Structure formats: structure tokens, C-alpha cells
Number of protein chains: 2
Amino acid sequence: MIVEIVSTGTELLLGQIVNTNAPYLARKLNEIGFDAVYQTTVGDNRTRMSNVLAIALERADIVITSGGLGPTQGDITKEVSAELLGRELQLHEESLEHIRSFFARRRLTMTQNNIRQAMIHEGAIVVTNHRGTAPGVIIEHEGKTIIHLPGPPIELEYMFEQAIIPFLANRFGVQGVIISKVLRTIGLGESTMEERIRDYILAQNNPTIALLARSGEIHVRMTAKSYSEVAAKMLIDELELKIRERIEDHIFGIDEQSLEQIVGEMLATRKLSISLAESCTGGAVTARLTDVPGSSVYLTGSIVAYHNRIKTSFVGVSEEMLNHYGAVSPDTALAMAKGIRGLFGSDIGIGITGIAGPGGGTDEKPVGLVYIAIDGPTGNIVEEQRFTGQRIAIKTRTVNATLELLRRYIIR
Amino acid sequence: MIVEIVSTGTELLLGQIVNTNAPYLARKLNEIGFDAVYQTTVGDNRTRMSNVLAIALERADIVITSGGLGPTQGDITKEVSAELLGRELQLHEESLEHIRSFFARRRLTMTQNNIRQAMIHEGAIVVTNHRGTAPGVIIEHEGKTIIHLPGPPIELEYMFEQAIIPFLANRFGVQGVIISKVLRTIGLGESTMEERIRDYILAQNNPTIALLARSGEIHVRMTAKSYSEVAAKMLIDELELKIRERIEDHIFGIDEQSLEQIVGEMLATRKLSISLAESCTGGAVTARLTDVPGSSVYLTGSIVAYHNRIKTSFVGVSEEMLNHYGAVSPDTALAMAKGIRGLFGSDIGIGITGIAGPGGGTDEKPVGLVYIAIDGPTGNIVEEQRFTGQRIAIKTRTVNATLELLRRYIIR
């Protein structure tokens, strides 16, 4: 069953907006075993869109379009396909009523243009839009299926989940199962990771293996296709075992688990509270930790000690230390960790100091030099890192490194 | 001059990776006046790729492909186009030498497979890959131009800037100039914004107008095309004046200027220092402020007062106040603002308290209720916000609202 996704909209062609509908549809189709092997983008131009739809109907069994169902003159998808298929557009009273009440509920005036949205191909299945005005349309035509969906992701996604997936599954049956599993790692670069599991990557077939770099983490994604979920899972389990043997140390979670979530669970389980004294990260580590629901159970609080005056007055760094070792030094980081731990009375204290740049670097202490210290019930550690990149990248890497060091500190 | 972008790679079809090459190429082509009116994605499948390339060569003048130039058996772009065009692939010694030295410099062994990367269509222009191994290829064929570029964005983008843009400009001339200007606004919803400038949006032609929602900000992008930069700028200036009349209050910056950057400049110019007591945002406001280089000039420091104990012991919230009004109240927010201002001795103090959820909400104080207080040399203000959405969205909206309130406080 060959599927083609046709994304319409001149705004997509300009490259200023990234097309998220096509990857969404492809992913969802894949989950029920359909392959969107052609994906085309075309602007709001009658001739070109008609050309694209004609080609799609020739080479694919199912054509799914997104966009061009709005009320403006630029929204032409239905007109173009109606002409191409030789089917008239007729007013669909129920859809018009839906649009009317949509406007009424919001106390807005419906324009004459909105009536265009209720014009539907004769003999088509109408899909109600629970998140907006434009209904979706399913047309069965000479052995092919054409599905028109609205462009706004919130409308398209809801409609696809609620109506299109059930329709496809009923009409064509589920075409096998594809499942993915992601091993999330930290502390290995992309090329080192690739070297470690190169033989598996080169020999990949089913499951496939993909490495994805995501702000300091490397994700290993395994995707297997089989006739049943259990069979697909078995294929993944087998590969996962082999890959884990090579990189186990660096795997902190799977699928959607974030580093802050994993670390948070470890703190909660062990009933450990934590506080941080952050300098170069400006509170970003604490912000990440508090992204996790329930983090108030283990996070006492933090001080962003940006000015040296805050370091000396509040988090236990002495003037002598600052003068002797400097604000960016292992000694200062450790003093901050101990200082905040004592001040806030938490089980674990973390101190972070570094040079995020672009200014402030010297030959001896370049931009990207960072010290992370942890002080807690099992003693303390201080880590030196030398990151490269721009200011925000250095901050992000420092946040990741801190969370990873904390993870290692807890399990050591 | 019609351009088609063909993105190849089965990984793109699965929707797990978002295609960033096509929007990049479209944007860059646009800047020199070329319209990529068709954009197609196809997997590493000979028949389908050949079909896609044949259609592209028929309807477009210039076809640009990305991907499929690697060393593996799945990399077939050049083979497919060679067969389609009836041109042989020949070993290009210089490219082979480049690949050899690439491996030698990294002390890696070149595999037999890499030789495939040096196979080039007869009569083609070879484009050196300064960021990787696969050379790019430009083929002129029966009045059409086919350009093959490697898939990794870092390689593709470098090659496009360095070699393809100059080639296109030389060969076809720059096709007019397209420029964009973005007005960045905050404090208006997307639909309110649309209502305010609906007549301009409906009447748009050249310049075009696009509204983009970006984590709490609404960006109004105007794009004009003309024969010269000055002429295009004039078109934009004219429209900008009209739009500003309607939404001036909400525009905080243009193009790439971020809210934290604008606010930072205002603080620096006025020589105002600032400190924050953050609760529900967990340090995220301070983290955003410190994303700006040089923020140490005005940011003294912050306390993330997550536990009530930290609120009472450090940032001036009394036990009585907590018991009487609760941690999430205008009184507590203002006490935090005053408390941190006094404690850290800064000109301005900010206090933020709210319920980020998903737990902790009540009928009276639901998830999303947030109080932001500012205390400073011109008095104080407290703002109540009721945000909807998930935890992280609520945090992000609170960060934006805080920065915006600070901007208004400074200019009031």
C-alpha cells in the first residue's frame, strides 16, 4: 500500500516554516504499517498543485494532503482535486452548521468566505474538525483514496488520530507493526559512539539503527518491523542486548526519559534533597531539574551567584580564595557546593563556575572552562570540563555535564 | 527559473528526522530570487528515485538533490541520475585524493566503499567537500541543471554557500532580491494579532505577511521581492509603518533580537542592577537573562526559593504571610521581590510564584496561576497571570511574561 503525502502552502516553500505535518503523518502511518514513500510539497498554485496531485494519484494508492482548506482565496486544495477528479463541490449543511457554531461560541462574526470551507466533493466522507473550522475530506476514487486534511498541526493531528487512523485500519487493515526504541546516552561523542557500534550500523537491516545527536546527548534509535508487536519487540530486544554490551555505562534512559527525570527519580527514591550554587549556568541546571513534576520533593532551592559579592556573602567562597584561585577554579566550585549545602541544609550541594564567553577568557582560563563540584553524604567530587562553542551551547553542555555528574555521584 | 528540491533518504520518510535541508535550500535560493516551487522527498529506492528525478527534470529548470552520496550500498543518488541521464560515472582522481587525505588526517583507514564517493558523471563539475568526503556534482544536461549535494547539513550548507550560490548567480544571474523583516511582539495572542491587522493580511501581495507563534511571542514577518535591495526595503518600510500603528505597544524587537537581549540593553543603558527570587520558574528567568553576553553587568544574582523554608529564611516572606495568603499570592510575590532586592542590594528585585502543575492546583488556585512582582526605584507592580498548558509551557510563558513585565516596568 503506497502512500504519498502532499504538503501544500507557499509558506512551506519559502523555507521559513519547517514542515512538521509531513514527518508527523509519516510517523503515524508507519506505526500502522503504511509507508509514505513519496512526500511532496507544493505552493498554492492551481496548475502546479494539480500536476502534483495527478502524479501522486498515479503512483500511490493513498494520497494525503495537508493545508489549503482555509477560508481565503489562497486555499485551493479542494477546488483543485475536485476538478482533477471530475467531482463537484457541494455545500455540506452539517459542516456549515459546525462552522457557524464555532464562530458563535467565540462571539465572532462568520464571514462569507467561511462558507467555502463547507463545500465538499460529492460522494465524499466528511471528517468533522473538532479543533477548528475546516472539515477533512476522504474521497474514494477509481481504486485510490484521497484524504484532505487542514494545515494547522493541532487540527490535523487530532483529526488524524480520531478519524483517519481508524478509517485506514478498517479499510485496508493494519499493515504489520513498526516499533522503535531509543537508548539515550551521554558522555560519548557521536563519532566515538559510531566507532563503538560501527559493525552493527553497517550490518543493519531489520531493526535499523540511527544515531541522533540531541543537545549533548546521543540517542541510538532501533526500529524494527514485523507482523506482530511481540515479534518486532523481540528483534529490538536482541539488538539492544548487543549494543548495551558496548555502551552500557553511558545509557541513562530510554525513549522519552530525560536526564533530569532519571536523576530526579534517583534523588526521590533515595530521599536525598539537593541545592545548587550556579554561576556560569545562571540557574539553568535548577530550571532543568524543576521541569520535572514533583521536583519540589527533592529540590530545596538554589542561588545564582553571578556577582562575586554573592559568592562571598552567601555561598561560602572566601575573598582570599577568590583572590588566590580566581572565581573559575576547582576550589571555588567546591566551596560553592559546600556553601550552598550548608546554607540551605540539603543532603547534596552542587557548585558550578565557568566562563561561558564570549568575553572573560584568558590563555590560562579560556572560554568554555568549567568546574562542577558535588558535595554530599558520600564525599565530594570536582570535575573540570573544557567545552567549545558559543555561549548558549557552553551553558547547555554544562547543564548536561552537571546532571550526568550528579547521576554518577548518586550511583557510585 | 523553476527549481525543484529533491531530498533523498529513507530516514526522512519515516518522519523520525525532520528534513532541515529542504527549508535551508529554499530559504537560500529565495534570497537570490530563485523559487523552489516543488519539493519532493523519496527514499533510497532506485525505481522511485528515478521516477522522482525524471518528473523533476521535466517540470523544473534546476533540480537540487540532497543525500545519497555516502559510501554505503544505500547511497544511490549518483547511480540513479547517471542512468537516467545516460552518462557514465568515472573515477575522479582529485576527489579520491581528497577522500584519502581526509581519512589519513584522521588516522582512519579508508574503505573500498569510499572509492564510490569519487565516481562522478562524465562532463560534470565537481564541487569539493571541505567538511566531509562526498564531493558535490553539477551536471548541465539538455538545458537543465542537476546539482547533487551530500545529506549532512554541515557539509551541504558549506558547499551551497561556497560553491552553489556563486555558480547559480554566475550562470543564471541573481533573480531579483527578496528580503524579510520580522517584528517581534509579546502580549497579544495569535488571533488578536490577526484581527488587528487582518485587512493587511487579506490584501497582502508584495510584501507578503506571515504570523508565526514562537513560545509566547508572535512574530510578524514581512517579505518583499523587488529588483534591488533598496526597492525591496522601501516596500517593507511602508508596510511596517502601517502595521506598527496597530501594534506598536507590543513590538519589543526586530529580526533576531530576543526579549532578554532587549531587556538587558535597557538595564545596561540605565545602569540598573537586578536580582530575582524565583519559585515556580525554578531559575528559568535568570537562565534566560544570562543567555545574553555581558549580563553580569546588570544581573547580581538570584535565589530559587523552591521550598517554603527558603522563602521564609532568605527572601523575606514571613510565616504569617504564607499561612494567611499562601505561597502563591500577590503578597508573597511582592515580598519575594522586595526581599531579594534588599538581600542582594540590587536596584530592581523580582519575585515569581505560581503553580506549574500538574499537581498542586485547587479550585481557588488552579494550575497555571502565577504572580509576578517587581520592586524598584519607581515603585512596585504585581501581575496576575492564568496560563493554560503543560508544566513546561506554563514555565516558559511565565518566563516570557516576566521579561515583558520587566520591559514595561523599565519604560513606564
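Up top is the structure these notes are about.
This one's a predicted model, so the numbers in the text were calculated from it and none came from an experiment.

(A) Looking closely at the environment of K28 of chain B. Among the structural elements, K28 of chain B can be located in helix α2 (residues 21-31). Those residues in contact with K28 of chain B that lie beyond four places of it in its chain are F160, E161 and I165 of chain B.

(B) The arrangement of the pairing of strand β17 (residues 379-386) of chain A in detail. All names here are of chain A. Relative to β17, strand β16 (residues 369-376) runs antiparallel, the two sharing eight bridges. Opposite D375, over in β17, you have N380 as the bridge partner. Joining the antiparallel neighbours β16 and β17 is a turn of two residues.

(C) The arrangement of the sheet that holds strand β7 (residues 136-141) of chain B in detail. Spatially, β6(A)-β7(A)-β8(A)-β3(A)-β1(A)-β2(A)-β2(B)-β1(B)-β3(B)-β8(B)-β7(B)-β6(B) is the arrangement adopted by the twelve strands of the open sheet, whose pairing is mixed. Lying at the two open borders of the sheet, with one neighbouring strand each, are β6 (125-127) of chain A together with β6 (125-127) of chain B. Put simply, the sheet's adjacent strands are angled 15° from each other on average, direction ignored. Both strand β1 (residues 2-8) of chain A and strand β3 (residues 62-66) of chain A contribute to a ladder of five bridges, which runs parallel. Directly across from S7 of chain A, in β3 of chain A, lies its bridge partner S66 of chain A. Running at roughly 170° to strand β8 (residues 144-149) of chain B, helix α6 (residues 153-172) of chain B makes contact with β3 (62-66), β6, β7 and β8 of chain B of the sheet.

(D) Broad picture of the sheet that holds strand β11 (residues 217-226) of chain A. Residues and elements named next belong to chain A. The antiparallel open sheet is built from four strands, whose spatial order is β10-β11-β9-β12. One side of each edge strand has no neighbouring strand; the edge strands of this open sheet are β10 (208-214) and β12 (251-254). On average, each strand axis in the sheet is inclined to that of its neighbour by 25°, with strand direction left out of account.

(E) The arrangement of the interface of chain B and chain A in detail. Counting from both sides, the interface comprises 61 residues of chain B and, opposite them, 62 residues of chain A. Summing both sides of the interface, chain B and chain A together bury roughly 5300 Å²; the carbon and sulfur share of this comes to 57%. Taken together, the links from chain B to chain A amount to two salt bridges. The salt bridge partner of D291 of chain B is K395 of chain A, with a shortest N-O separation of 2.6 Å. Where chain B touches chain A, the interface holds 30 residue pairs in polar contact (both at pLDDT 80 or more). Top contributing element to the side of chain B that touches chain A by residue count: strand β2 (residues 35-42) of chain B, with seven residues.

(F) Examining unusual backbone geometry more closely. Omega for the peptide link from G357 of chain A to P358 of chain A comes to 0°, which places this bond in the cis form. Its place among the elements puts P358 of chain A in the loop between β15 (348-354) and β16. Residue N206 of chain B is joined to P207 of chain B through a cis peptide bond whose omega torsion reads 10°. Of note in the backbone geometry, K271 of chain B takes a positive phi value of approximately 50° without being a glycine. Relative to the helices and strands, K271 of chain B resides in the loop between α10 (259-269) and β13 (274-278). Judged by relative accessible area, K271 of chain B falls into the exposed class, the value being 72%.

(G) Spatial organisation of the pattern of salt bridges. The tally for this structure, following the rule as stated, stands at 38 salt bridges over all chains. E31 of chain A is the partner of K28 of chain A in a salt bridge, and the nearest nitrogen-oxygen pair spans 3.7 Å. You can see K28 of chain A and its partner E31 of chain A sitting in helix α2 (residues 21-31), three residues apart, about one turn around the helix. Close ionic contact of R341 of chain B with D375 of chain B constitutes a salt bridge, the shortest N to O distance being 3.0 Å. Taken together, the residues R341 of chain B in helix α14 (residues 330-344) and D375 of chain B in strand β16 (residues 369-376) connect sequence positions 34 residues apart. Judged by its relative accessible area of 24%, R341 of chain B is partly exposed.

(H) Geometry of the relation of the copies chain B and chain A. Take chain B, turn it by 179°, move it 0.5 Å along the axis, and it overlays chain A with an RMSD of 0.6 Å. Expressed as a symmetry operation, the mapping of one chain copy onto the other fits a two-fold axis. The residues that chain B uses at the interface reappear at the interface of chain A in 97% of cases, marking a shared surface.

About the criteria used
Residues numbered from 1 in each chain as written. Chains lettered and ligands numbered in written order. Predicted model: local features only at pLDDT ≥ 70, side-chain atom pairs only at ≥ 80, totals over all residues. Heavy atoms only, no water. Helix = DSSP H or I, 4+ residues; strand = E, 2+ residues; numbered from the N terminus. Contact = heavy atoms within 4.5 Å. Pairing = 2+ DSSP bridges. Axes fitted to C-alpha atoms, helices over the stretch in contact; angles between N-to-C directions. Buried area = accessible area lost by both parts, 1.4 Å probe. Salt bridge = Lys/Arg side-chain N within 4 Å of Asp/Glu carboxyl O. Polar contact = N/O pair within 3.5 Å; in protein donor to acceptor, adjacent residues only side chain to side chain. Buried < 20%, exposed > 50% of the residue type's maximum accessible area, 1.4 Å probe, protein only. Least-squares fit on C-alpha atoms with pLDDT ≥ 70 in both.

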